[in-house]
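Geometric and topological summary
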Amino acid sequence: MATRSTCLRRQVGAIVTVDNRIVATGYNGAPSGVRSCDELGYCNKDRQGLPSGTGHDQCLASHSEQNCINSAARSGVSINGGSIYVNVRPCVHCAKSIINAGIRRIVYEKDYPDELSLRLLSEAGVRLVKLEPVPEEPDEP
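In short, a report on the structure. (Residues numbered from 1 in each chain as written. Predicted model: local features only at pLDDT ≥ 70, side-chain atom pairs only at ≥ 80, totals over all residues. Heavy atoms only, no water.)

1. Examining the pairing of strand E2 (residues 21–27)
Pairing geometry for strand E1 (residues 13–18) and E2, over 6 bridges, is antiparallel. If you follow Thr17 over to E2, its bridge partner there is Ile22. Counted between consecutive antiparallel strands, the loop separating E1 from E2 contains 2 residues, among which Asp19 sits at a positive phi close to 55°. (Pairing = 2+ DSSP bridges. Helix = DSSP H or I, 4+ residues; strand = E, 2+ residues; numbered from the N terminus.)

As structure tokens, then:
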């Protein structure tokens, strides 16, 4: 899903499963009907010199987790009790949406610089599972 991202800064994708079935997907990008950074040819946050993990209100994109949750809502699919798989740990805004959507587990690959999201997810009882990199197989002669 991350490969579909229209963000110039970070490509993130999300998949929600319920009972081991994929029920919703999302990637970070501009809302429907709004030109993306990819189309505009610049990142609004980069133009302002905002570092990663800050300036969420200046970003044109919705995060993959938000888009995934919104996709489920649009389709009338319950994600309560489900798991979300995302390549980057959620920010605080996405953590709030995840908690309120009833998602109980987050499986992610890379950390994100947002300690408040960790606190909220822990307090809400959402389980975080960080994937460990798989060692590469040595080339055979």
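Let us keep going from here.
2. Topic: empty space enclosed by the protein
Under the criterion given, the structure shown has 1 cavity of 30 Å³ or more. Its boundaries defined by the atoms lining it, the largest cavity holds a volume of some 240 Å³. Lining the largest cavity are 19 residues, and of these Arg10, Val12, Asn28, His63 and Tyr112 lie nearest its centre. Of the residues belonging to the lining of the largest cavity, the class tally is 9 nonpolar, 5 polar and 5 charged. (1 Å grid on protein atoms, 1.4 Å probe; cavity = no way out; pocket = protein on both sides within 12 Å on 5 of 7 lines; lining within 4 Å. Points joined across faces, edges and corners; volume = space filled by probe spheres on them. Nonpolar A, V, L, I, M, F, W, Y, C, P; charged D, E, K, R; others polar.)

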